[in-house]
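Here are the chains, one letter per residue:
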Amino acid sequence: MDYTLIIPYKKEFHMTQTEKAEIKTHILHEIDKLQQQINTLQEKAKPIAPDCSLGRLTRMEAMAEQEVNRRILDESKLRLTRLKNALSRIDHPMFGICIECEEPIGVDRMKIHPESVRCVACASEQ
Ligand SMILES: [Zn+2]
């Protein structure tokens, strides 16, 4: 889809360059944090060796913990992908515009969740 055809002059510029720069810094910071978290989790999510000397209960606990780690790992990877996408879109005029209603998502929401592609109203209808 060619967004330049849709946005034209209908929308007012909803985000200042300063705000954009702020969001960009935030995204980069989050990506960095997530990358570190993923590295740590990947280490923890490694299979537990069957011959490990842990007791049975400890081993079950370790496996349950591993399951939790794996879930957080998946979520982290997903968020990392979304943040990277957000970063590639940030200089695009459609950044910060809801893909459903085409209204500005809101700077405050974008600051907290820069990966948002829907406004609060449209996201809650999901
Ligand atoms: Zn919307």
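Any chance you could explain the overall build of the protein here in plain terms?
Scanning the protein for helices and strands turns up five helices and zero strands. Residue burial in the protein is summarised as follows: out of 126 residues, 27% are buried. When contacts within the protein are restricted to residue pairs at least 6 apart in sequence, those whose partners lie at least 24 apart make up 63%. Surface accessibility of the protein: about 8,700 Å² in total, with carbon and sulfur atoms responsible for 55%.

Sorry if this is basic, but what is going on with the coordination of the zinc ion here?
Tetrahedral coordination by four donors puts the ideal angle at the metal at 109.5 degrees, and octahedral coordination by six puts it at 90 or 180 degrees. Within the protein, the atoms that donate to the zinc ion are Cys 98 (SG), Cys 101 (SG), Cys 119 (SG) and Cys 122 (SG), at distances of 2.3 Å. Considering all four donor atoms around the zinc ion, angles at the metal cover 103 to 117° and the coordination shape is tetrahedral. One chain supplies every donor to the zinc ion, and in sequence these donors are spaced C-x2-C-x17-C-x2-C. Judged by relative accessible area, which is 10%, Cys 119 ranks as buried. For Cys 122, a relative accessible area of 11% gives the class buried.

What counts and what doesn't
- Residues numbered from 1 in each chain as written.
- Predicted model: local features only at pLDDT ≥ 70, side-chain atom pairs only at ≥ 80, totals over all residues.
- Heavy atoms only, no water.
- Helix = DSSP H or I, 4+ residues; strand = E, 2+ residues; numbered from the N terminus.
- Buried < 20%, exposed > 50% of the residue type's maximum accessible area, 1.4 Å probe, protein only.
- Contact = heavy atoms within 4.5 Å.
- Areas by Shrake-Rupley, 256 points an atom, 1.4 Å probe, with all protein chains shown as cover.
- Donors = N, O, S within 2.8 Å, 3.2 Å for Na, K, Ca; no water.
- Tetrahedral: all angles 85-135°; square planar, octahedral: opposite > 155°, others 65-115°.

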